[in-house]
Amino acid sequence: MDWQSIFSEALQQGLGPVAAVYCLAAIGLNVHFGYTGLLNFGQAGFMAVGGYAVSSFVATWGLPFWLGSLAGLFAAGVLALLLGVPTLRLRADYLAIVTIAAAEIIRQTIGSVTLLTYFGGQDGLQGFSSSFANLNPFSGPVGIPGVVTWRPYDFWTLLVCWVLAALCCLMVWALMRSPWGRVLKGIREDEDAVRSLGKNVYAYKMQSLMIGGLIGGLAGIMSALQHSAINPSFFATDTTFFAYTVLLVGGAARVLGPVAGTIVFWFLISFLDLFFGQATSGTNPLIPDWLMNSNQASLVRFIFMGAALMLLMVYRPQGIFGDRRELAIDAR
Amino acid sequence: MPADEVTDPVTAKQVRSSAGATAMPPETAPARPQVDVSAARAALRDVPHEPGAPKPDPIVVVDGVRRTFGGLTAVDVAHLEIQRGVITGLIGPNGAGKTTFFNLMTGFDRPDEGDWSFNGTSLKGIPAYRVARRGMVRTFQLTKVLSKLTVLENMRVGATGQHGERLLRAMFAPFWRKQETSNTTKADALLERFLLIKKREDFAGSLSGGQRKLLEMARALMADPELVMLDEPMAGVNPALKQSLLGHVKSLRDDGRTVLFVEHDMDMVRDISDWVIVMAQGKVIAEGPPDSVMGDQRVIDAYLGSHHDQDISEDMEDKIIAQAQAEIDDDNSSTAPADVEGEHRA
C-alpha cells in the first residue's frame, strides 16, 4: 500500500480542475438554493449552454474565443429568464420540475443527430481551446514536488477556475451581506411575509436565478476548456446532483461552503478510489478476491460515499460551515 | 414610496428632514407626538349604524367586491368605508370571509369583481408589494417571521426604499451603509417599544408565539404604514402579553395611524375598537360602535344561530327540519352549503 501516492493523487483531485469546476457550479446553486430557496435541479443545463456556446462558437463557426465565452454567459442568462418567467410565480416545486426537465431537453437536443453539424452529436466537439491553452504561462509540471503536482495545462485551468471561484465567492459575500441579500434570505424563509413588506418577490427571485445561472454557465465554460473537449454526457443529471452534494457537504447559505465542500468531496472520492484500487490489486491483495475484485473496486467508492453522505446528513446536516443554531429552529 | 403618497404629517416631516432623498427613512425614530384621536372618534358619532354607512373621512372605500371559490361565495361586500385615524374591528363567526377580505384588500388574492381604493386611488389589480409600499401593511393570522434571520434582520427587511436592495448598488456597501445605520436605529427604537430588544440578535425562529406577534407588528411599522391591518393579533397569545399587545395596538392609533384588525376575542374588540364591522357568510351584516353592535340582533343571530334563545321543543324541531328539507329540495346543489347551514344551526 503506497500511502504517499494515494494522498498525493487524492490531493491532486481535491484541488484539481474538476473540483474547481464543481465549486463554481455549487456557488451558483448556493445562490439559488442556499440563499433564495429556489430548487434548481437543472444546473447541468446552465453548464451545458455555457460550455456548448463557447465550444461551438470556436469549433463550428470559427469565431474568437472571448466572444464564445461572452455568448456562453449570455446563453445561461437567457436560459434563466426562460425558466423563470413561467415558474417563479408558482410554488417552489414547479421550478424544480421545470429545471430538471429543461436540463435533459437541452442535453438531448444538443446531442441529437439533426444538430450534428453544429454540436457534433454524441461525440461532441474538440479543438476549441487552443486560444485558452496559448495563454498558459506554465511549461513544466507545477506544484510542490513530492506532495502534489499537476500537468501544466491542468494547473493553468485549475488556477483560472479557482480565481474565478474566488471572485464569485467575493461577489456572493458582498451581495449576501447587503440588504439585497437579506431580502433573498427572507424569500427563502417566507415569501408572503416579504411581499407584505413591499418587496417585489418575483423580481428578486429572477435576479437570483440569473446570477446563479450565470455562475453555472461559467462552470460549463471552464468544464469544456478543462477537458479541451465537450460532449453531452458531461451534463447529465448526476452533474447537478454532484454539485448539490458539494454544496451540502460544505454547508448551504455559507459563502465558502462550496469551496470546502468540493475539496472534501473530490479528495474523498478519489482517495477511496485509489485506496480500493490498491487494496484489490497485486498478487496478494489486502482485500481478498472473493470479497472484492479490482473491477468492483472503482464502484465501491460510490457506496462508501453514499454512506458517508447519509452519516453527514444525520450528524452534521448543516455541512462543514453550517450553523447549528439554525437547525435547532427547524426542529421546532 | 414617493413623498407625495405620504399624507401623515408626522411621516412627511421625517422624510423632509432626511438629507433630501425622498425615499430615505428617518435618521432616528423620534418620539411620536400624541395625535388627538378624539376628533376622529367624534366624527363617527353621526355615522348611522348600518352596513355600508358612509364615513366622514374614509381611508379605504370598498365597492362590490366579490370572491367566490367554486360555488361558495367567500366575500361579497357591497359597500364599506373605513374611517381614518381610528381602530376598526372586523369580527364575524368562523368562515365569515374576514381573512379572505384581508387578502383581497392587500393584493394577496384577487376578487372576481369589484373595486376598492386606498386614500382615493384604486387598488384594483395592484400587486401585494405595491399595496404595501402605498402605506397599507398587513400582518398574518399565522405569524410569518423569517425564522433563520435574527430579530434585528427581520426588522430591517421591513424598511422601505432601501438603496441596498437594488442589485447593482448592493455589492458596494458605501451606497447603503448610512441608510442601514438609520434603519437600525429605527428598528432598535421599535424593538425597545415592543419589548424585544433583549432578543435583538436571536433567530426569529426561537421566539415564542406571542413574541412573534409582537415582532410581526413591529416589523410592519418599519415601513411607516398609514393603515395597519392586523389579522388576529391576539390568537395564541397568553393573557399577560395580551394586555401589552392591546396597549401596542392602541398606541398605533395614538401615533396617527389607522388600524383595521380581525379578532375573535370579544373583550379585546370591546376594549380597543372605536368602530366594529361584522361579517357573516361573506357579507357585512352590521356596523357600529362596539356596544351597539354586540347588542344587534343580526350579530347575535350570526354568531349563535337564530334560534339560540329558544328551547327546541319537538314541535319546533320538526318545523326547522321541514324548513331545511324544503330548502334542500328547492335547489339541490346550486345553493352554497353555507346558506343552508345558517338557517338550521340551532
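Here, every reference points to the structure presented above.
### Focus: the overall build of chain B
Broken down by element type, chain B carries 14 helices and 10 strands. Residues classed as buried in chain B amount to 52% of the 346 residues present. If you take every contact in chain B between residues at least 6 apart in sequence, the share linking residues at least 24 apart comes to 66%.

### Concerning the sheet that holds strand E2 (residues 72-83) of chain B
All names here are of chain B. The antiparallel open sheet is built from four strands, whose spatial order is E2-E1-E4-E5. Edge positions in the open sheet fall to E2 and strand E5 (121-122), since each of these has one partner strand only. Looking at chain direction, strand E1 (residues 58-69) and E2 are connected through 10 bridges and run antiparallel. Each bridged residue has a counterpart across the sheet, and for Phe69 the counterpart in E2 is Leu72. Along the sheet face, helix H3 (residues 98-105) touches E1, E2 and strand E4 (113-118) and points at about 115° away from the line of E1.

### Brief notes about the sheet that holds strand E8 (residues 258-262) of chain B
Residue and element names in this part refer to chain B. Judged by pairing direction, the sheet is mixed, and its six strands sit side by side in the order E6-E7-E8-E3-E9-E10 without closing on themselves. Each edge of the open sheet carries a strand with a single partner, namely strand E6 (136-138) and strand E10 (283-288). Here the strands of the sheet are splayed against their neighbours by 20° on average, with no regard to which way each runs. When strand E9 (residues 275-280) meets E10, the two strands line up antiparallel, connected through five bridges. Looking at the pairing, Val276 lines up with Gly288 of E10. Contacting strand E3 (87-91), E6, strand E7 (227-231), E8 and E9, H3 crosses the sheet at an angle of about 145° to E7.

### A closer look at the interface of chain A and chain B
Taken together, the 32 residues of chain A in the interface contact 36 residues of chain B. Where chain A touches chain B, the interface holds four salt bridges. Between Lys199(A) and Glu165(B) there is a salt bridge, with the nearest N and O atoms lying 3.1 Å from each other. Our count for the chain A to chain B interface comes out at 10 residue pairs in polar contact (both at pLDDT 80 or more). Within the residue set of the side of chain A that touches chain B, elements represented by two or more residues are helix H8 (152-176), helix H9 (179-189), helix H10 (191-196), helix H11 (201-227) and helix H15 (324-330) of chain A. When residues of the side of chain A that touches chain B are assigned to their parent elements, the largest contribution, eight residues, is made by H9(A). Grouping the constituent residues of the side of chain A that touches chain B by class yields 12 nonpolar, six polar and 14 charged.

### Some points on the environment of Pro285(A)
Assignment of secondary structure puts Pro285(A) in the loop between helix H13 (257-279) and helix H14 (294-315). With 284 residues separating them in the primary sequence, Pro285(A) and Met1(A) have C-alpha atoms 9.5 Å apart.

### Comments concerning the packing of aromatic side chains
All chains considered together, the criterion is met by 27 aromatic pairs over all chains. Centroid distance Phe108(B) to Phe140(B): 5.5 Å. Interplanar angle 85°. Geometry classified as edge-to-face. Of the two residues, Phe108(B) is situated in the loop between H3 and E4 and Phe140(B) in the loop between E6 and helix H5 (151-158); the sequence distance between them amounts to 32 residues. The partly exposed category is assigned to Phe108(B), whose relative accessible area is 23%. Chaining the aromatic ring pairs together yields one cluster made of Trp3(A), Phe7(A), Phe267(A), Phe271(A), Phe275(A), Phe276(A) and Phe304(A). Its end group placed over the ring of Tyr202(A), Arg89(A) keeps NZ or CZ at 3.8 Å from the ring centre. Above the face of the Phe108(B) ring, Arg138(B) is positioned so that its terminal group lies 5.1 Å from the ring centre.

Calculation criteria
- Residues numbered from 1 in each chain as written.
- Chains lettered and ligands numbered in written order.
- Predicted model: local features only at pLDDT ≥ 70, side-chain atom pairs only at ≥ 80, totals over all residues.
- Heavy atoms only, no water.
- Helix = DSSP H or I, 4+ residues; strand = E, 2+ residues; numbered from the N terminus.
- Buried < 20%, exposed > 50% of the residue type's maximum accessible area, 1.4 Å probe, protein only.
- Contact = heavy atoms within 4.5 Å.
- Pairing = 2+ DSSP bridges.
- Axes fitted to C-alpha atoms, helices over the stretch in contact; angles between N-to-C directions.
- Salt bridge = Lys/Arg side-chain N within 4 Å of Asp/Glu carboxyl O.
- Polar contact = N/O pair within 3.5 Å; in protein donor to acceptor, adjacent residues only side chain to side chain.
- Nonpolar A, V, L, I, M, F, W, Y, C, P; charged D, E, K, R; others polar.
- Phe/Tyr/Trp six-rings, centres within 6.5 Å; stacked < 30°, edge-to-face > 60°.
- Lys NZ or Arg CZ within 6 Å of the ring centre and 35° of its normal.

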